[in-house]
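Structural overview
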Amino acid sequence: MNPDIRKERENATFNTDALTHILDGSPEKTRRRREIETLVIKDPDFQHEDLNFMSRSERYDAAVKKSAQMILKMREYGIADPEEIYSYKNCVQRGRTEPLDLHLGMFLPTLLNQATPEQQDAFFTPAWNLKIIGTYAQTEMGHGTHIRGLETTATYDPSTQEFVLNSPTVTSIKWWPGGLGKTSNHAVVLAQLHTQGNCHGLHAFLVPIRDMSNHQPLPGVVVGDIGPKFGFDEVDNGFLKLENVRIPRDYMLMKYAKVEPDGTYRKPPSDKLTYGTMVFIRSMIVGESARALSKACTIAIRYSAVRHQSELRAGEPEPQILDYQTQQHKLFPLLATAYAFHFLGQFMSQTYHRITGDINQGDFSELPELHALSAGLKAFTTWAANGGIEVCRMACGGHGYSRCSSLPDIYVTFTPTCTYEGENTVMMLQTARYLVKSYTQASKGQKVSGMVSYLNELQQRIQAQPVSSRPTVVDINDLTSLVEAYKLRAARLVELAAKNLQAELQRRLSKEDAWNQTSIDLVRASHAHCHYVVVKMFVAKLGEVADVGVHSVLSTLALLYALDGIAQHTGDFLLAGLLSMPQVSQISQRTKELLAQLRTNAVALVDAFDYRDEMLNSSLGRYDGNVYEHMFEWAKKSPLNRTEVHESYYKYLKPLQSKL
């Protein structure tokens, strides 16, 4: 054990395991997660050559092998609980994407949520047993986030009781679905439904794309891999072109919307039900943001504890770079953000399952808020985590650029979340539509509920009281006061965006043009609303923590997160009359004090995430702190080091030297 990192752990003021239990949900869940991780890590079938030294084809091959073994092992061990499946899968994949990700994460959930009981009998069991291997084909070459613009068509033919699917243009070719290129034999295809001469918008269809006996593409199906990307080297993201592909009528997923044998269309209770899988994935991405950022923080903070650099005082030993206030200012707010997002992820998971249960009972009342909340928080958390991972990489200096740090892989694997399942700016604008609608209802005296309930009373209060006469409400040392300030800021910016939108409409602009002319304000309002939700959930979690030491350090993190957010958006709080000019400098000073307080517990706080070395796969983030020894051993494994003299020397350099 590196002596620096040993000392960090000895100085911690709280019990690390107690915090790990809170992050996992209970001591029993921690025990079971660790048990599952041990099953995987000690399994020789999951050992392989370092992927960094393999070609893309080799990486895909290794990933398919590992995925197949993962399925068999889970069946062998009787792992069927969704949380345990997720733990096992995470440990097998160790932060990397796999060809079966969309089969497990989108295809199966879509069948569960949108198929009729009869369709589930026909399709789900074969899919669960990997006879049917599926993907989720939504995005097209010409349209992604604007899914109403998708061009793929499914036209009903009552004479044969079949749907005829077509990709009528080059831009309608399905593009990007993981597992589509080479792995899947079926796809849930989102297509525009045409029947009896009318188009009824997007619906989900189960489309066989490869022969079940030999895996060859079926007639009319043009399918393949889209080529190398920024990351995702193990995944066969694919394209799909459909040319008069016919499927039976009951291959349309008809739990909610239906097409009768004669072509009569029965609409669903809510149009948003078609997008249920997306809402599920967006809710999951919030938790993924926490995991990706927490891994990056673990690596950067552990490395900062063992890396010594420069001099604070001439002639004295080089200090740990974690002692530099600038390093703390880079990393500790991100550490606080990782914890905030973790608790937010727990909230989103609980909310999704609660509202989904209500939907299954026929209650759709909370579906609009779930849709808005999952869209906005998906954007808010992925933007923050994506930027934070890069800060962590740069905080590790030159060594962070090496793939032995694992930080480049974390970054390139996580970056797509900012655009898949909805491009982030568009997601914020979707949330803004809900906020403006809720504001309009509240301004007319109608009660709004859920996370926008603050609009019931606050918009009237803000409207009635000029900014200059509003009292300063922020006590920068009181978390309850800070939650209130974030709430008032959100209310103010929602009101501002709604009024600016109304002003544009009064200029006789069309609704579409008025929306576009106000879109910066609308995104700003959505961001403020999401920020309020995150702060609110972080502070609410503190009320569940009984351990005194853990409560103290989490409270410090929550306070840092809230104050750092105000520092980044000082103008908003000043304009809303929530902050005085003297408080701006007070927040800066208080932040420095919080950084110093957290310095003692920084390593223990990342230890509480409980990432084993095999999960991080990082030379810089090793638990034992023996960074340099491991970096050297890793470098020696490079394929370029298999020979002392590379063949290129004999082919090019030696002949060149002889001619000069």
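Keep in mind that this is a model prediction, so the values were computed, not measured.

Rules and cut-offs
Each chain carries its own residue numbering, running from 1 in the direction its sequence is written. Given that the model is predicted, a residue must reach a pLDDT of at least 70 before its local features are reported, and side-chain atom pairs must reach 80 or more before they are shown or counted; all residues, however, enter totals for whole chains, interfaces and linings. To obtain the side-chain values, all non-hydrogen atoms of the structure were included, while hydrogens and water were left out. Secondary structure elements are taken from DSSP: a helix is a run of H or I of four residues or more, a strand is a run of E of two residues or more, and numbering for both begins at the N terminus. Here the radius of gyration uses the C-alpha set of atoms, whereas the globule reference equals 2.2 Å times the residue count to the power 0.38. Here the term buried applies to any residue with accessible area under 20% of the maximum for its type, exposed to any over 50%, and partly exposed to those in between, with areas from a 1.4 Å probe on protein chains only. Shrake-Rupley sampling with a 1.4 Å probe provides the accessible areas, and residues are treated as covered by the protein chains on show and by no other component. When charges are tallied, Lys and Arg are placed among the positive residues and Asp and Glu among the negative ones, while His and the ends of the chain are skipped. Throughout, a charge is located at the NZ atom of Lys, the CZ atom of Arg, the CG atom of Asp or the CD atom of Glu. Each aromatic pair joins two rings of Phe, Tyr and Trp (for Trp, the six-membered one) with centres within 6.5 Å, and gets the label stacked for planes under 30 degrees apart, edge-to-face for over 60, and tilted for any other angle. Being paired, for any two strands, means DSSP has found at least two bridges between them. Helix axes are fitted only over the stretch in contact, all axes being lines through C-alpha atoms; the angle between N-to-C directions runs from 0 to 180 degrees. By definition in this entry, angles of less than 35 degrees are roughly parallel, angles greater than 145 are roughly antiparallel, angles of 65 to 115 are roughly perpendicular, and the rest are oblique. Crossing handedness follows the turn of the near helix against the far one: under a right angle anticlockwise gives a left-handed crossing, and clockwise gives a right-handed one. Contact criterion: two residues are considered in contact whenever any of their non-hydrogen atoms come within 4.5 Å of each other. Only Asp, Glu, Lys and Arg are considered charged, only Ala, Val, Leu, Ile, Met, Phe, Trp, Tyr, Cys and Pro nonpolar, and every remaining residue, Gly among them, polar. In protein, a polar contact requires one atom able to donate a hydrogen and another able to accept it; more generally it is a pair of N or O atoms within 3.5 Å, and residues adjacent in sequence count only if both atoms are side-chain atoms. When a carboxyl oxygen of Asp or Glu lies within 4 Å of a side-chain nitrogen of Lys or Arg, that pair is called a salt bridge. Note on patches: the residues involved have over 30% relative accessible area and no salt bridge, like charges join within 9 Å, and the nonpolar side chains Val, Leu, Ile, Met, Phe, Trp and Tyr join within 5 Å. Residue count minus one, scaled by 1.5 Å, sets the expected span of a helix. Only a pair of cysteine sulfur atoms within 2.5 Å qualifies as a disulfide here.

A separate point is the overall build of the protein. Across its full length, the protein holds 23 helices and eleven strands. Relative to the 2.2 N^0.38 estimate, which gives 26 Å for 660 residues, the radius of gyration of the protein is 27 Å and therefore close to what a compact globule would have. Projected onto its principal axes, the C-alpha positions of the protein cover 90 × 80 × 60 Å. Looking at the protein as a whole, 54% of its 660 residues are labelled buried. In the form shown here, the protein has an accessible surface area of approximately 29000 Å², with 53% of it arising from carbon and sulfur atoms. The positive charge centre, built from 70 side chains, and the negative charge centre, built from 72, are 3 Å apart in the protein.

A few words on the packing of aromatic side chains. This model, assessed by the stated rule, comprises 18 aromatic pairs. Ring geometry for Y156 and F163: centres 5.1 Å apart, planes at 55°, overall tilted. Taking 6.3 Å as the distance between ring centres and 85° as the angle between the ring planes, the aromatic pair formed by F230 and Y411 counts as edge-to-face. Residue F230 is found in the loop between β7 (221–225) and β8 (238–242), and its partner Y411 is found in helix α11 (residues 407–414); the two are separated by 181 residues along the sequence. Three or more aromatic residues joined by ring pairs form one cluster here, namely Y339, F343, F538, F609 and Y611.

Here we have three strands laid out as an open sheet, ordered β4-β8-β7, and antiparallel in their pairing. What marks the edges here is a single partner per strand, and that holds for β4 (174–175) and β7.

For the pair helix α10 (residues 367–395) and α11, interaxial distance at closest approach is 9 Å and the crossing angle is 160°. When the interaxial angle is binned, α10 and α11 end up roughly antiparallel. In this structure, α10 crosses over α11, and the sense of that crossing is left-handed. Across from T382, A385, N386, I389, E390, C392 and R393 in α10, the residues of α11 making contact are L407, I410, Y411 and F414. Considering only residue class, the contact of α10 with α11 consists of seven nonpolar, two polar and two charged.

So, about the environment of R507. Tracing the sequence through the fold places R507 in the loop between α14 (479–506) and α15 (511–517). Under the relative-accessibility criterion, R507 is labelled exposed at 58%. The spacing of R507 and S406 is 101 residues in sequence and 53 Å in space, taken between C-alpha atoms. At 2.6 Å, the side chain of R507 and the side chain of E504 are in polar contact.

The next thing to look at is the side chain of E369. Its location among the elements puts E369 in helix α10. Despite its burial, E369 pairs with no opposite charge, the nearest such side chain being R354 at 6.3 Å. In contact with E369, not counting residues within four places along its chain, are Y434, S449, G450, M451 and V452.

Moving on to the pattern of salt bridges. With the rule as written, the count across this model stands at 44 salt bridges. R9 is the salt-bridge partner of D607, the closest N and O atoms lying 2.5 Å from each other. Here R9 lies in helix α1 (residues 3–10) and D607 lies in helix α20 (residues 602–607), a separation of 598 residues in the sequence. In this pair, the class of D607 matches that of R9, namely buried. For R59, the salt bridge goes to D233, with nearest N and O atoms at 3.7 Å. Here the residue R59 occupies a position in helix α4 (residues 56–77), and D233 occupies one in the loop between β7 and β8, the gap between them amounting to 174 residues. On the basis of relative accessibility, which here comes to 5%, the residue R59 falls in the buried class. Among the ionic contacts, a cluster of salt bridges with common partners joins D17, D24, R33, R34, E37 and D610.

There is a patch of nonpolar side chains on the surface, built from Y652, L653, L656 and L660 and spanning about 480 Å² of accessible area. Mapped onto the fold, L653 is located in helix α23 (residues 647–659). Under the relative-accessibility criterion, L653 is labelled partly exposed at 45%.

Quick look at the environment of M1 now. Within the secondary structure, M1 sits in the segment before α1. For the pair formed by M1 and H200, sequence separation is 199 residues and the distance between their alpha carbons is 64 Å. Contact partners of M1, with chain neighbours within four places excluded, come to R6, R9, Y623, D624 and N626.

Now for helix α12 (residues 424–443). A rise of 1.5 Å per residue sets the reference length of α12, with its 20 residues, at 28 Å; its end C-alpha atoms lie 28 Å apart and thus fit the reference within 8%. With a side-chain oxygen positioned 3.0 Å from the backbone nitrogen of T425, the residue opening α12 is E423. Directly after α12, the chain includes G445, whose backbone phi takes a positive value near 90°.

A few words now on the packing of α14 against helix α17 (residues 548–568). Helix-helix packing is characterised by the crossing angle of the two axes and by the distance between the axes. With their axes 11 Å apart at the nearest point, α14 and α17 run at an angle of 35° to one another. Crossing of α14 against α17: the hand is left-handed. Between α14 and α17, the contacting residues are L479, L482 and Y486 on the first element and S555, A558, L559, Y561, A562, L563, G565 and I566 on the second. Each residue belonging to the contact of α14 with α17 can be placed in one class, and the counts come to nine nonpolar, two polar and no charged.

Our focus in this paragraph is the state of the cysteines. Note: disulfide means a covalent bond formed between the sulfur atoms of two cysteine side chains. According to the stated counting rule, one finds zero disulfides in the structure shown. In this structure C530 is not part of a disulfide, and its nearest cysteine sulfur, from C418, lies 14 Å away. Of the residues examined, C530 reaches a relative accessible area of 1% and is grouped as buried.

Time to look at unusual backbone geometry. Working note: non-glycine residues mostly have negative phi, and peptide bonds are mostly trans. A positive phi angle is found at Q196, which is not glycine, with a value near 50°. Within the secondary structure, Q196 sits in the loop between β5 (186–195) and β6 (198–208). Of note in the backbone geometry, E421 takes a positive phi value of approximately 55° without being a glycine. Here E421 is to be found in the loop between α11 and α12. In this structure E421 comes out as buried when scored by relative accessible area, which is 15%.

Here we come to the pairing of β8. Side chains G238, L240 and L242 project from β8 onto a buried face, and the interleaved F239 and K241 project onto a face without burial. Both β4 and β8 contribute to a ladder of two bridges, which runs antiparallel. Each bridged residue has a counterpart across the sheet, and for W175 the counterpart in β8 is F239. The pairing of β7 with β8 spans five bridges and is classified as antiparallel. Counted as the bridge partner of G224 is F239 from β8.

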